[in-house]
Amino acid sequence: MHDQNFKNLILDYPVQALEFFAGKEAGSDLSEARIVPVRQEQLMDRLGDRFRELDTPLLVEWSDGRREAILFVVEEETKTSQFSIYRLAHYCLDLAELMGTDRVVPVVIFLRTGNQRSYLRLGSDSCAYMEFRYLMCKLKSLPSVRYYDSDNIVARLNLPNMAYPPEDRLEMYLMAQTGLARLETNPEKQRKYADFIDFYADLSEEEVIRYRDSYLSEKGEIMGLVSVLKEEGRQEGRQEGRQKGRQEGSYNTLYSVMQTMRKNGIADENIAKMMNLDLYIVKKVLNREEIEIPLNLL
């Protein structure tokens, strides 16, 4: 699950991902480069052998030749205790041979805390015959507040994976959601990565209520509304045990939020844009007319 989440994140935002996870090597001109995902399955020594599968290897090329092409091998590790520097070294050597390059930068994203080996040396007392190290990004070691105003969408989406005091949890969640709203204009990707934030923030039912009361009503913020609607719809659905409960829960919450926004002087057209809904749905809900709630809000 985590591997797929991060694969999607890196492939959707390769420039921002490399700038955030591998800033030391990424440089400042990635936006002018061509970034190509390369094969994840490594060639087998013999047919039938187990193959090694990489998370997200990316080949970065500059058409004007300003920099020689470089290969980033980006791996996500959920359980630090299962990380093997030997396995990573194998991946990099195999890929370097396959791609015919020695310009390889291994990058490991650690999702959890823990100790891991960061340096490998093969040799004797007198000589090192092979040395291997990698760039590491230990998300839980990064203070989330440092990235509250970041223009890097990958950093903002990963705020829930960083370190923060428990009392700042809802503020952190708000900064992640508003960052998504400001930095991503595609409605489909907004919905996709609102789910990414929700998954890693994993707000409790009580926190959802507090977030709704503090940030959806008082401040007029709507980011994270999909999460609230899903949770409330599920709650009523569980209580009544049928689809009608989910529909009614979502409908009532939609009506309440839209009414608050309208009272604050927000036009119906802008309510529709802010909530990624068709205008006719907004008008029907505000008029208390019957309507099927979009599936993404259930």
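Look above for the structure.
Anyway, here's the lowdown on the structure attached to this text.

About the criteria used
Residues numbered from 1 in each chain as written. Predicted model: local features only at pLDDT ≥ 70, side-chain atom pairs only at ≥ 80, totals over all residues. Heavy atoms only, no water. Helix = DSSP H or I, 4+ residues; strand = E, 2+ residues; numbered from the N terminus. Buried < 20%, exposed > 50% of the residue type's maximum accessible area, 1.4 Å probe, protein only. Contact = heavy atoms within 4.5 Å. Areas by Shrake-Rupley, 256 points an atom, 1.4 Å probe, with all protein chains shown as cover. Pairing = 2+ DSSP bridges. Right-handed = clockwise from strand over helix to strand, strands pointing away. Axes fitted to C-alpha atoms, helices over the stretch in contact; angles between N-to-C directions. Core = buried A, V, L, I, M, F, W, Y, C linked by side-chain atoms within 4.5 Å. Salt bridge = Lys/Arg side-chain N within 4 Å of Asp/Glu carboxyl O. Parallel < 35°, antiparallel > 145°, perpendicular 65-115°, else oblique. Nonpolar A, V, L, I, M, F, W, Y, C, P; charged D, E, K, R; others polar. Phe/Tyr/Trp six-rings, centres within 6.5 Å; stacked < 30°, edge-to-face > 60°.

### Side note on the overall build of the protein chain
Then step 1. When helices and strands are tallied, the protein chain shows 12 helices and 7 strands.
Then step 2. With 298 residues in all, the protein chain has 48% of them scored as buried.
Then step 3. Residue pairs at least 24 apart in sequence account for 61% of intrachain contacts in the protein chain once pairs closer than 6 positions are excluded.
Then step 4. For the protein chain, the accessible surface area stands at approximately 15900 Å², while carbon and sulfur atoms represent 46% of it.

### Topic: the pairing of strand S3 (residues 70-77)
Then step 1. Counted residue by residue, S3 has 8 buried out of 8 residues, so it is predominantly covered.
Then step 2. What you see with S3 is no split at all: Ile70, Phe72, Val74 and Glu76 on one side and Leu71, Val73, Glu75 and Glu77 on the other are buried throughout.
Then step 3. The pairing of strand S2 (residues 56-61) with S3 spans 5 bridges and is classified as antiparallel. The partner of Leu58 across the bridge, within S3, is Phe72.
Then step 4. In terms of strand pairing, S3 meets strand S4 (residues 104-110) through 7 bridges, oriented parallel. Opposite Val74, over in S4, you have Val107 as the bridge partner.
Then step 5. On the question of chirality, the crossover connecting S3 to the parallel S4 by way of helix H4 (residues 85-99) is right-handed.

### Some points on the pairing of S4
Then step 1. Within S4, 6 of the 7 residues are buried, leaving the element largely enclosed by the surrounding structure.
Then step 2. Taken together, the 4 bridges between S4 and strand S7 (residues 135-138) define a ladder with parallel strand orientation. Across the sheet, Ile109 pairs through a bridge with Cys137, a residue of S7.

### With respect to the sheet that holds S3
Then step 1. In spatial order, the strands read S1-S2-S3-S4-S7; together these 5 strands make up an open sheet with mixed pairing. Taken across any chain shown, the strands that pair with only one partner, and hence form the sheet edges, are strand S1 (34-37) and S7. Taken pair by pair, the neighbouring strands of this sheet meet at an average axis angle of 20°, ignoring direction.
Then step 2. Each of S1, S2, S3 and S4 is contacted by helix H1 (residues 2-12), which is oriented at about 15° to S2, the strand it contacts most.

### Digging into the nonpolar core
Then step 1. Formed by 53 residues in total, the largest nonpolar core has its most connected members in Phe20 and Phe21.
Then step 2. At 7 residues, helix H6 (residues 169-183) tops the list of elements feeding residues into this core.
Then step 3. Not counting the four nearest positions on each side in its chain, Phe21 is found in contact with Phe6, Ile10, Val107, Ile109, Cys137, Leu139, Val154 and Asn158.
Then step 4. Judged by nonpolar contacts, the second largest core, of 16 residues, contains Val38, Val73, Ile85 and Phe110.

### Some remarks on the pattern of salt bridges
Then step 1. Summed over the entire model, instances satisfying the criterion amount to 12 salt bridges.
Then step 2. Here Asp151 ties to Arg182 by a salt bridge, and the two come within 3.0 Å at their closest N and O atoms. Of this pair, Asp151 sits in the loop between S7 and helix H5 (153-157) while Arg182 sits in helix H6, and the two are 31 residues apart along the sequence.
Then step 3. Here Asp151 falls in the exposed class, since its relative accessible area comes to 56%.
Then step 4. Since its relative accessible area comes to 48%, Arg182 is described here as partly exposed.

### Details of the packing of H1 against helix H2 (residues 14-21)
Then step 1. Where H1 contacts H2, the two axes come as close as 5 Å, and the packing angle between them is 110°. Put simply, H1 runs roughly perpendicular to H2. Residues Phe6, Ile10, Leu11 and Asp12 of H1 pack against Pro14, Ala17 and Phe21 of H2.
Then step 2. Classifying every residue of the contact of H1 with H2 gives 6 nonpolar, no polar and 1 charged.

### Details of the packing of aromatic side chains
Then step 1. Under the criterion given, the structure shown has 12 aromatic pairs.
Then step 2. Measuring from ring centre to ring centre gives 5.8 Å for Phe6 and Phe196, while their planes differ by 70°; the resulting arrangement is edge-to-face. Within this pair, whereas Phe6 is found in helix H1, its partner Phe196 is found in helix H7 (residues 187-201), the two being separated by 190 residues in sequence.
Then step 3. Note on Phe6: relative accessible area 1%, which makes it buried.
Then step 4. Assessed through its relative accessible area of 5%, Phe196 is described here as buried.

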